[in-house]
Amino acid sequence: MSAPELRTPGQAGSGERLPPDAGHGFRGALAELFPEPAEIAPRAGLARWAFVPVQVALVALGAVVMLARIPGRPVWKSAYGEDPRMYLPQALAHPWNLLQSYAGYLQLVPRVIGQAAALLPFRHASVAFAVGGALVASACGLFAYHASAGQVSSRWLRALVGLSVVLLPVALLEIADDGVNSIWYLLAALFWAALWRPCTKAGAAVAAVVAFAGAASTPLALLYAPMFAARAMVVPRRLREHAATAGWAAGCLLQVGVIVTSHQSRLRPRNPVNAVLFYLHEVLLPALGWHLSWHLRDALGLTGATALAGGFIAVVLAAVIATQPGRCRVFVVTAVVTGILFMTVTSAIAWNGPVFQTTVRVEHGARYATVPILLLDAALIVAADAYARRWWPRPRAVAAVVALVAILAVGWTTDFRYPVRRFSGGPATAWAHLADAWLRQCQHSPTGTITITFHSTYGVTTTVSCASLRR
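Here we summarise the structure given alongside this text. Quick caveat, the model's predicted, so the values are computed rather than measured.

**Some remarks on a nonpolar patch on the surface**
And then number 1: Together, Val 54, Leu 58 and Leu 61 make up a nonpolar patch on the protein surface, roughly 250 Å² of accessible area in all.
And then number 2: One can find Val 54 in helix H2 (residues 46-68).
And then number 3: With relative accessibility at 41%, the residue Val 54 sits in the partly exposed group.

The structure is reproduced here in structure tokens:
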């Protein structure tokens, strides 16, 4: 890491420009969220042509890493939750009808993955869900690497931003390598899309696609409205600067239209205390490592472990807010507040709190912790980058970077691969057994069709032609 130019707190870094109307006060603080990255030097010859193949290779590599994280039976031989019992049957029964609602809202990307599964030979349909989910996670990690350029000047530390997505410690519990939970990775990427000011038209187009995909896949994307509103206030009104905003707005319009016409409601208000319990026990405690959190529980009990982990994170972030420049300070506050907002909404309407028992192999509602944990990781990485930019190579900057890498590495190494209940006797199904069962039903069906029911809260039933299963 090269020695950065020294500057006073709150001053933009060398080559990094704030919006032209950035000043003091509230508007100036908002402008700190959207610094323009340094201009990218033109790539010459081979480097220019190699850029896209390198990005494709990195996404493929990340997907392989994601698939390798699930132990036991190869993950592509299993199918989880709504993937085999709803998205696949509906894609077979109604090809390319991607705007169907479920639970009262639209899930565009999971349905696209389901349609891809329907195009494969029936016995290999599960491959599409596992590989599709892994590719989405990997692509979101690579996008976070690029989109965090305005906030994290060091390429090495930006790599940690991308790795935090692919190596998320709690991912194996619910969201890794399936189609239905790909929306949580998209929500994490959407946070960075809201902040990124791409230097190229291609970057703007990618940001628009990510923003549209996220908003069209879950109504939780509406929670980013304050960030996009702030962007509209302080970022110059050029088309490239607001491509992500346009994509997000288009996805939200589509999402709201499906919600209004679906005549279903997912709102089931819970005890508001759930929000506090969820953030303490399911976000702060496992934020630095899932198995680490269980070692702390064994040693200190749930309350003691939560106080230690949560207190450590709170002290570090408070020190960052008190000592670092305005841009870092504003980002850290935004990341933490956004994570708390997501936690409050999801735990208030969906999480059942202490009704379900949590063990080291199963955590009901772990998906709801995805965005808050990744934003805490992002806050720590941005803070380390701020130390490095101001003081590198002084000892305090070196210590900050080394401490960050050590803290993240604990969770990433100990939680890289571990058994979870959903793939060993849990809700994930051995796809070969389920496929054989459906084909046996077809042998005895006088109508040439079978009925597949997904026994969720909403009881989705789909009639599928046996001809579509015998390809």
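**Concerning unusual backbone geometry**
And then number 1: Each neighbour pair has its own omega, and for Trp 392 with Pro 393 the value is 5°, a cis peptide bond.
And then number 2: With respect to the helices and strands, the residue Pro 393 is situated in the loop between helix H15 (370-391) and helix H16 (395-414).
And then number 3: Backbone geometry at Asp 177 places phi at a positive 60°, although glycine is not the residue there.
And then number 4: Inspection of the secondary structure assignment puts Asp 177 in the loop between helix H7 (171-174) and helix H8 (182-195).

**Here we look at empty space enclosed by the protein**
And then number 1: Evaluated as defined, the whole model comprises six cavities of 30 Å³ or more.
And then number 2: Around the largest cavity, the lining residues are Ala 144, Val 161, Ser 164, Val 165, Ala 188, Ala 189, Phe 191, Trp 192, Leu 374, Leu 375 and Ala 378.
And then number 3: Those elements that place two or more of their residues in the lining of the largest cavity are helix H6 (155-166), H8 and H15.
And then number 4: Per-element tally for the lining of the largest cavity: the top contributor is H8, with four residues.
And then number 5: Classifying every residue of the lining of the largest cavity by side-chain character gives ten nonpolar, one polar and no charged.

**Let's talk about the packing of helix H12 (residues 273-284) against H15**
In helix packing, the relevant descriptors are the interaxial angle and the interaxial distance, both defined with respect to the helix axes.
And then number 1: Interaxial distance between H12 and H15 falls to 10 Å at its minimum, and their mutual angle equals 65°. In the packing of H12 onto H15, the handedness of the crossing is right-handed. Contacts from Tyr 279, Glu 282, Val 283 and Leu 284 in H12 reach Pro 372, Ile 373 and Leu 376 in H15.
And then number 2: Residue classes in the contact of H12 with H15 are distributed as six nonpolar, no polar and one charged.

**Quick word on the packing of aromatic side chains**
And then number 1: What the rule picks out here adds up to 15 aromatic pairs.
And then number 2: Relative to Trp 438, the ring of Trp 431 lies with its centre 5.7 Å away and its plane at 90°, an arrangement referred to as edge-to-face.
And then number 3: Ring pairs connect the aromatic residues Phe 191, Trp 192, Tyr 224, Phe 331 and Phe 342, which therefore count as one cluster.
And then number 4: Stacked on the ring of Tyr 145, the Lys or Arg Arg 158 has its end atom at 4.7 Å from the ring centre.
And then number 5: The aromatic ring of Trp 294 is capped on one face by Arg 297, whose charged end is 4.3 Å from the ring centroid.

**As for the pairing of strand S6 (residues 460-465)**
And then number 1: Along S6, the buried face is formed by Val 460, Thr 462 and Val 464; none of Thr 461, Thr 463 and Ser 465, which line the opposite face, is buried.
And then number 2: Here strand S5 (residues 449-454) pairs with S6 via six bridges, running antiparallel. Bridge pairing in S6 links Thr 451 to Thr 463.

**So, the state of the cysteines**
And then number 1: With the rule as written, the count across this model stands at one disulfide.
And then number 2: The disulfide partner of Cys 442 is Cys 466, and the S-S distance across this bridge is 2.2 Å. On the sign convention where negative means left-handed, the S-S torsion of about -95° between Cys 442 and Cys 466 marks this disulfide as left-handed. Of the two residues, Cys 442 is situated in helix H17 (residues 431-443) and Cys 466 in the segment after S6; the sequence distance between them amounts to 24 residues. The same class applies to Cys 442 and to Cys 466, which are both buried.

Conventions adopted
Residues numbered from 1 in each chain as written. Predicted model: local features only at pLDDT ≥ 70, side-chain atom pairs only at ≥ 80, totals over all residues. Heavy atoms only, no water. Patch = residues over 30% accessible without salt bridge, like charges linked within 9 Å, V, L, I, M, F, W, Y side chains within 5 Å. Areas by Shrake-Rupley, 256 points an atom, 1.4 Å probe, with all protein chains shown as cover. Salt bridge = Lys/Arg side-chain N within 4 Å of Asp/Glu carboxyl O. Helix = DSSP H or I, 4+ residues; strand = E, 2+ residues; numbered from the N terminus. Buried < 20%, exposed > 50% of the residue type's maximum accessible area, 1.4 Å probe, protein only. 1 Å grid on protein atoms, 1.4 Å probe; cavity = no way out; pocket = protein on both sides within 12 Å on 5 of 7 lines; lining within 4 Å. Points joined across faces, edges and corners; volume = space filled by probe spheres on them. Nonpolar A, V, L, I, M, F, W, Y, C, P; charged D, E, K, R; others polar. Axes fitted to C-alpha atoms, helices over the stretch in contact; angles between N-to-C directions. Left-handed = near helix turned anticlockwise from the far one by under 90°. Contact = heavy atoms within 4.5 Å. Phe/Tyr/Trp six-rings, centres within 6.5 Å; stacked < 30°, edge-to-face > 60°. Lys NZ or Arg CZ within 6 Å of the ring centre and 35° of its normal. Pairing = 2+ DSSP bridges. Disulfide = S-S within 2.5 Å.

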